[in-house]
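Structural characterization, general
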Amino acid sequence: MGMNDGMEYTTLGRTGLKASVAGLGCGGPSRLGMRNDAQGEKSAVALVRQALDLGINFLDTAESYGTEAVVGKAIAGIARDRLIISTKKALPSAHHSDTEGEVKRGLEHSLKLLGTDYIDVYHLHGVEPKDYDFARERLMPVMRRLREQRKIRFIGVTEGFVQDPSHQMLEQSLKEDLWDVVMVGFNLLNPSARGSVLPMTREKRVGVLNMFAVRRALSQPDRLKGILTDLVHKGVIAENAVNGEDLIDFVLRESDATTLPEVAYRFCRHERGVDIVLTGTGNPEHLRANVESILKPPLPESVLQKLEKIFGNLDYLTGN
Ligand SMILES: NC(=O)c1ccc[n+]([C@@H]2O[C@H](COP(=O)([O-])OP(=O)(O)OC[C@H]3O[C@@H](n4cnc5c(N)ncnc54)[C@H](OP(=O)(O)O)[C@@H]3O)[C@@H](O)[C@H]2O)c1
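Now for a quick tour of the structure. Predicted model, so just to flag it, every value in this text is computed and none were measured.

Rules used in this analysis
- Residues numbered from 1 in each chain as written.
- Predicted model: local features only at pLDDT ≥ 70, side-chain atom pairs only at ≥ 80, totals over all residues.
- Heavy atoms only, no water.
- Salt bridge = Lys/Arg side-chain N within 4 Å of Asp/Glu carboxyl O.
- Helix = DSSP H or I, 4+ residues; strand = E, 2+ residues; numbered from the N terminus.
- Buried < 20%, exposed > 50% of the residue type's maximum accessible area, 1.4 Å probe, protein only.
- Expected span 1.5 Å × (residues − 1).
- Contact = heavy atoms within 4.5 Å.
- Near = heavy atom within 4 Å.
- Polar contact = N/O pair within 3.5 Å; in protein donor to acceptor, adjacent residues only side chain to side chain.
- Areas by Shrake-Rupley, 256 points an atom, 1.4 Å probe, with all protein chains shown as cover.
- 1 Å grid on protein atoms, 1.4 Å probe; cavity = no way out; pocket = protein on both sides within 12 Å on 5 of 7 lines; lining within 4 Å.
- Sits in = over half its atoms within 2 Å of the grid points.
- Pairing = 2+ DSSP bridges.
- Axes fitted to C-alpha atoms, helices over the stretch in contact; angles between N-to-C directions.
- Points joined across faces, edges and corners; volume = space filled by probe spheres on them.
- Nonpolar A, V, L, I, M, F, W, Y, C, P; charged D, E, K, R; others polar.

What to know about the pattern of salt bridges
A full pass over the atoms with the stated rule returns 28 salt bridges. Linking arginine 80 and aspartate 120 is a salt bridge whose minimum nitrogen-to-oxygen distance equals 2.8 Å. Residue arginine 80 is found in the loop between α2 (68–75) and β5 (84–90), and its partner aspartate 120 is found in strand β6 (residues 119–127); the two are separated by 40 residues along the sequence. Arginine 80 sits in the buried class, given a relative accessible area of 17%.

So, in structure tokens, the structure goes:
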């Protein structure tokens, strides 16, 4: 691993962890290619190994993705301290009779599948505004005990971006001092975290993981066109400001980028306050291209300004 000396590394906020600026997302629509079972576990393991060879040392998975075992197989034999492993606990029901036991069993199972005895960043997975009090009052004490026992090093949270695209949960929770790391939805269609979340994480030195950089809308042109047409219908953006064809056109014409996913990853990578951009794929060629994109310079200022004019005030799209 780490053979590609082109990778860049950064400090993940107050954790002090030295992480690659590109992180491998082992969930999302592709789940390392295992979503449709079209590709088996073998190709998924190979994809993780390819990521390591590209210099990626940050691997993000979750109890609910079904990819922890794949990550475990891919990292077997690699010195543990060269890797940063991020995984997540799905929220137990607030009526669960033994919340603490449920979280502990979840963690033990993750450790077993991953073949390790500690997790670097353990998250509460997809905490929505309605879950926040429960997470704070009932789950946080358990997370802290796990940290004291050194089974986890840092405590993280991920938002439910689809349900909470304006970041209510993170905004509320960042007023307190709960998380070492947060995972936030941020992309060129919904850059609202720039105003609400990122100033707070910077101030408190909370590590920031960027999810949804590309997702479906920015990797499937027809989907993007559909979203843009809808925004024009709703009067959110002017008909002449952009239509589907034009947007793809102008970002590519006015920059040195060659694909829309490249534009989308570069947009996130250079956002002030974003530490790691996650990239999720089942396709080795996409992984190679995406890492290359993430390592490219910022998009031209003129393109950024145009995107800001069109999408800068939107806080409800997810790009899904
Ligand atoms: N609430 C949460 O906790 C939460 C929610 C969502 C995601 N996450 C985490 O964040 C990670 C990143 O999210 P994501 O997986 O949605 O990542 P993403 O990188 O924003 O988007 C991935 C999607 O874009 C496609 N894609 C990627 N590169 C491409 C390329 N070069 N050309 C064309 N299509 C491309 C992929 O399909 P192909 O397989 O065809 O490349 C996949 O469907 C997840 O893997 C997961 O670890 C967490």
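Quick word on helix α1 (residues 41–53)
Look at α1: 18 Å from first C-alpha to last across 13 residues, which is about the 18 Å you get at 1.5 Å a residue. When α1 is considered as a whole, its buried residues turn out to be Ala44, Val45, Leu47, Val48, Gln50, Ala51 and Leu52. Where α1 is buried, its residues contact β3 (22–25), β4 (58–60), α2 and α11 (284–294).

Focus: the site of the ligand
Around the ligand sit 28 residues, and of these Ser30, Asp60, Tyr265, Thr281 and His286 come closest. Here glycine 27 contributes a backbone N or O atom positioned 3.0 Å from an oxygen atom of the ligand. Starting from 890 Å² of accessible surface for the ligand in isolation, the protein chains cover 87%. Under a 2 Å grid-point criterion requiring more than half of the atoms, the pocket assigned to the ligand is the largest pocket. Secondary-structure elements contributing two or more residues to the shell around the ligand are β7 (152–159), α10 (260–269), β10 (276–280) and α11. It is β10 that contributes the most residues to the shell around the ligand, three residues altogether.

With respect to the sheet that holds β4
With parallel pairing, eight strands are arranged side by side around a closed barrel as β3-β4-β5-β6-β7-β8-β9-β10. On average, each strand axis in the sheet is tilted by 25 degrees relative to the strand beside it, whichever way the strands run. Summarising the sheet, β7 and strand β8 (residues 181–185) pair through three bridges and their orientation is parallel. If you follow glycine 156 over to β8, its bridge partner there is valine 181. Along the sheet, α11 contacts β3 and β10; its crossing angle with β10, the most-contacted strand, is approximately 160 degrees.

Some thoughts on the pairing of β10
Summarising burial for β10: four of the five residues are buried, a large majority. Where β3 meets β10, four bridges bridge the pair, whose relative direction is parallel. Its bridge partner being in β10, leucine 24 is matched across the sheet by threonine 279. Summarising the sheet, strand β9 (residues 207–211) and β10 pair through two bridges and their orientation is parallel. By the bridge assignment, asparagine 210 is partnered in β10 with valine 277.

Side note on the layout of surface pockets
Computed from the structure, the largest pocket encloses a volume of approximately 1,000 Å³. Considering the residues around the largest pocket, the lining is formed by 45 residues, among which Gly28, Pro29, Arg215, Tyr265 and Gly280 are closest to the centre. Counting only elements with at least two residues in the lining of the largest pocket, the list comes to β6, β7, α10, β10 and α11. Here the element with the most residues in the lining of the largest pocket is α11; it accounts for six residues. Across the lining of the largest pocket, the residue classes tally to 14 nonpolar, 20 polar and 11 charged. There is about 200 Å³ of room inside the second largest pocket. Lining the second largest pocket are 15 residues, and of these Arg194, Phe267, Glu271, Glu301 and Leu304 sit closest to its centre. Of all the secondary structure elements, the ones that give two or more residues to the lining of the second largest pocket are α10 and α12 (301–311).

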